[in-house]
Amino acid sequence: NALRNIALEACTTELVLLSDVDCIPTSFLLDDLIGTTEKRSALLTHCWDNYSAVVIPSFEILGSVDSGADNEFGLEYSFSGVQLFQELLSEGSNIQVFMGDRFSRAHRATDYAHLSQVWKDRLSIIKETTTLRTSHPVHLFPPCYYPIKYEEGFEPYVIIARHYAPKYDPVFSGYGRNKSLHLYHLHRLGFKFVVFADAGLLHLPHAPTTDRIRLLGHSSSRRLNSHQKGRIKEHEVDEKCTRLGKE
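Residues numbered from 1 in each chain as written. Predicted model: local features only at pLDDT ≥ 70, side-chain atom pairs only at ≥ 80, totals over all residues. Heavy atoms only, no water.

1. Some remarks on the overall build of the protein chain
For the protein chain, the helix and strand inventory stands at eight helices and nine strands. Buried residues in the protein chain amount to 47% of all 247 residues. Long-range contacts, defined as pairs at least 24 residues apart, comprise 85% of the intrachain contacts of the protein chain with a sequence gap of at least 6. With an accessible surface of roughly 12,700 Å², the protein chain has 53% of that area assigned to carbon and sulfur atoms. (Helix = DSSP H or I, 4+ residues; strand = E, 2+ residues; numbered from the N terminus. Buried < 20%, exposed > 50% of the residue type's maximum accessible area, 1.4 Å probe, protein only. Contact = heavy atoms within 4.5 Å. Areas by Shrake-Rupley, 256 points an atom, 1.4 Å probe, with all protein chains shown as cover.)

2. Brief notes about the sheet that holds strand 7 (residues 157–161)
Ordered in space as 1-7-3-8-6, the five strands form an open sheet in which the pairing is mixed. Edge positions in the open sheet fall to strand 1 (15–18) and strand 6 (145–148), since each of these has one partner strand only. Each neighbouring strand pair of the sheet contributes to a mean axis angle of 30°, computed without reference to strand direction. As paired elements, strand 6 and strand 8 (residues 192–196) share four bridges and run antiparallel to each other. From the neighbouring strand, Ile148 faces strand 8, where its bridge partner is Phe193. Set on the sheet, helix 3 (residues 37–49) makes contact with strand 1, strand 3 (52–56), strand 6, strand 7 and strand 8; between it and strand 3 the angle comes to about 130°. (Pairing = 2+ DSSP bridges. Axes fitted to C-alpha atoms, helices over the stretch in contact; angles between N-to-C directions.)

3. What to know about the side chain of Thr26
You can see Thr26 is positioned in the loop between strand 2 (23–25) and helix 2 (29–34). Discounting residues that sit within four places of it in the chain, Thr26 has contacts with Phe79, Ser80, Gly81, Leu84, Ala199 and Gly200.

4. So, unusual backbone geometry
One non-glycine residue, Phe28, adopts positive backbone phi at about 70°. Tracing the chain through its elements places Phe28 in the loop between strand 2 and helix 2. The phi dihedral of Tyr51 is positive, around 55°, even though this residue is not glycine. When you line up the elements, Tyr51 lands in the loop between helix 3 and strand 3. Residue Tyr51 is classed as buried on the basis of its relative accessible area of 6%.

5. Notes on the sheet that holds strand 5 (residues 95–97)
Taken in spatial order, the four strands make up an open sheet running 2-9-4-5, and their pairing is mixed. Each having just a single partner strand, strand 2 and strand 5 make up the two edges of the open sheet. Averaged over all pairs of adjacent strands, the angle between their axes in this sheet comes to 35°, without regard to strand direction. Direction of pairing for strand 4 (residues 58–61) relative to strand 5: antiparallel, over a ladder of three bridges. In the strand pairing of strand 5, Glu60 is matched with Gln96. Across the sheet, helix 4 (residues 81–88) is in contact with strand 4 and strand 5; its angle to strand 5 comes to roughly 90°.

6. Some words on helix 4
For helix 4, every residue scored as buried is listed here: Gly81, Val82, Leu84, Phe85 and Leu88. In a view along the axis of helix 4, the buried residues occupy a sector of 165°, so they form one face of it. (Arc of directions from axis to C-beta.)

7. Topic: the side chain of Asp22
As for its placement among the helices and strands, Asp22 is situated in the loop between strand 1 and strand 2. Here Asp22 sits buried without a salt bridge, and the closest side chain of opposite charge, Lys179, lies 7.2 Å off (N-O distance). At a separation of 3.0 Å, a polar atom in the side chain of Asp22 contacts the side chain of His203. (Lys, Arg positive; Asp, Glu negative; His and termini not counted. Salt bridge = Lys/Arg side-chain N within 4 Å of Asp/Glu carboxyl O. Polar contact = N/O pair within 3.5 Å; in protein donor to acceptor, adjacent residues only side chain to side chain.)

Structural measurements only, silent on function.
Have a look at this one:
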């Protein structure tokens, strides 16, 4: 978390994507987000005017978890948003929701059922109008965002306005609870959550770390305890005042 805070302080952009180093974005992510005036306006409205955290849906390669081996493919994993969702919805897909079979609360609030329906409808239109290999057909559609509700344990990867971003709690190191506590912090500060349906993040497989094995051996450690929540409450009043002073 201390390193995350250093990274936040070094940023100079209006918006920041709070992600992990082992997640790669779909190709054209920046273009999908701000490639047209309409798209840029929609993103800035959500992050600045609506005080929202924009969730980027996240996925992983089926069967890659706890394989005991690091990713051998590196950046060869490269999908456009269209290709990712086409693979996700295909029969026998090797793509699954990130952490969906191990800790569903981590990303459950993203509402993947709704996201899947959006892309089923889109792929039907794309199939009739364009060729996936020769174009980026997401431009056929206006930017798609849908609102969701926060639930405890939710830890998506999000885009937020940098000036609204609270610092991560530096007491956490290693693996676990750091992101979920930060997302809880955003929730307590009044952030809304919306999903950006046009793209995604793909988690690259790697061997589990010692810290991860130690933490996940205790199911009770997945919940945020009262002490951890109390650390958030100590700061939220001052941070809300700071936000109001910037509006």
